[in-house]
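# Chains, contacts and geometry: an overview
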Amino acid sequence: MGLMLILLVAQFNSFYQSVLILFSVVMSTAGVLLGLLVTQSVFSTILTGVGIVALAGVVVNNNIVLIDSYNHLRRNNSSLSIKDAVFEAAKSRFRPVMLTTVTTVAGLLPLATGFSIDMVNRKIEVGGMVASWWQPLASAIVNGLVVATLMTLLLTPAMLLLPNMIKQYINNHRSARKQPDS
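These notes cover the structure that comes with them. Throughout this document, residue positions are counted from 1 along each chain, in the order its sequence is written. Confidence filtering applies because this is a predicted model: local features only for residues at pLDDT of at least 70, side-chain atom pairs given and counted only at 80 or more, and all residues used for totals across whole chains, interfaces and linings. Remark: hydrogens and water are excluded; side-chain values derive from all non-hydrogen atoms of the structure.

### Notes on the overall build of the chain
Helical segments are the DSSP runs of H or I of at least four residues, strand segments are the runs of E of at least two, and each set is numbered from the N terminus. When helices and strands are tallied, the chain shows 5 helices and 2 strands. In the chain, the succession of α and β elements from N to C terminus is α-α-α-α-β-β-α. For the chain, the spread of C-alpha atoms along the principal axes amounts to about 85 × 35 × 30 Å. Remark: exposure states derive from per-residue accessible area (1.4 Å probe, protein chains only) relative to the maximum for the residue type, with buried under 20%, exposed over 50%, and partly exposed in between. Put simply, the chain has 182 residues, and 36% of those count as buried. Contact between two residues is taken to exist if any of their heavy atoms lie within 4.5 Å; hydrogens are not considered. Intrachain contacts of the chain at a sequence separation of at least 6 include 64% that bridge at least 24 residues. Surface exposure of the chain reaches about 11,500 Å², of which carbon and sulfur atoms provide 66%. What sets the accessible areas is the Shrake-Rupley method with a 1.4 Å probe; for residues, cover comes only from the shown protein chains.

### Things to note about the layout of surface pockets
In this analysis, the protein atoms alone were mapped onto a 1 Å grid. Cavities are point sets where a 1.4 Å probe fits without being able to get out; pockets are open sets with protein on both sides within 12 Å along at least five of seven lines; lining residues have an atom within 4 Å of a point. Grid points are joined across faces, edges and corners, and a volume is the space filled by probe spheres set on the points. The computed volume of the largest pocket comes to approximately 160 Å³. In terms of lining residues, the largest pocket is bounded by Ser-14, Tyr-16, Gln-17, Tyr-70, Arg-74, Ile-82, Leu-160, Pro-163, Asn-164 and Lys-167. Elements that contribute at least two residues to the lining of the largest pocket include exactly α2 (15–39), α3 (45–76) and α5 (129–178). Of all the elements, α5 adds the most residues to the lining of the largest pocket, at 4 residues. Split by residue class, the lining of the largest pocket holds 5 nonpolar, 3 polar and 2 charged. Just so you know the grouping, Ala, Val, Leu, Ile, Met, Phe, Trp, Tyr, Cys and Pro go in nonpolar, Asp, Glu, Lys and Arg go in charged, and all remaining residues, Gly too, go in polar.

### Concerning the packing of aromatic side chains
Stacked, edge-to-face and tilted are the three classes for Phe, Tyr and Trp ring pairs, Trp counted by its six-membered ring, which pair at centre distances within 6.5 Å; planes under 30 degrees apart are stacked, over 60 edge-to-face, the rest tilted. Using the criterion set out here, one finds 1 aromatic pair in the structure. Ring centres 6.4 Å apart and planes at 90 degrees place the aromatic pair Trp-133 and Trp-134 in the edge-to-face group.

### What to know about a nonpolar patch on the surface
Only residues whose relative accessible area exceeds 30% and that take part in no salt bridge are eligible for patches, with like-charged residues grouped when within 9 Å of each other and nonpolar side chains (Val, Leu, Ile, Met, Phe, Trp, Tyr) grouped when within 5 Å. Salt bridge, as used here: a side-chain nitrogen of Lys or Arg that lies within 4 Å of a carboxyl oxygen of Asp or Glu. There is a patch of nonpolar side chains on the surface, built from Met-1, Met-4, Phe-23, Val-26 and Leu-155 and spanning about 400 Å² of accessible area. Considering the arrangement of structural elements, one finds Val-26 in helix α2. On the basis of relative accessibility, which here comes to 44%, the residue Val-26 falls in the partly exposed class.

### A closer look at the side chain of Ser-69
As for its placement among the helices and strands, Ser-69 is situated in helix α3. Within the local environment of Ser-69, its side chain forms a polar contact with the backbone oxygen of Val-65, the two atoms lying 2.9 Å apart. What Ser-69 contacts, discounting residues up to four positions off in sequence, is Ala-89, Ser-92 and Arg-93. Under the rule applied, a polar contact is a pair of N or O atoms within 3.5 Å (in protein, one hydrogen donor and one hydrogen acceptor; residues adjacent in sequence only if both atoms are side-chain atoms).

See below:
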């Protein structure tokens, strides 16, 4: 995580945006653990751990592209307000993020729920050897990706607005203090 932080700060020249991206990895891991609690599944150190690492790559990519779109809009269109830039970036990244999520979840959901297809014997097995082996990895990715997608599309844009909102609040509070009582 430390090496990722250094690389992200070098790319974005913003500690806040880099921490925001890494926070999404932590939240997606929380989504994996919440999914394990809800389904009462066992935490497999190897397979769930590999699922979390694979998930981190997808989550970081989605957030990097969203924040990069926001930075690109701010850099190339100075008349655009911060709020509008966040909205436009989130709107432009909605379809790619949803397509990534839907295709990944749809592809892994049968395996995550215990179904496997035996191509040799031409039958669908429930709770077969293949499904029981790969189920922790698939369920980790599915659970974490659902939570991470919500975070990428809702929480990340809101957190991009937060520093500007804090600055406005402080400026309004200072100007209210400077005005003499009538």
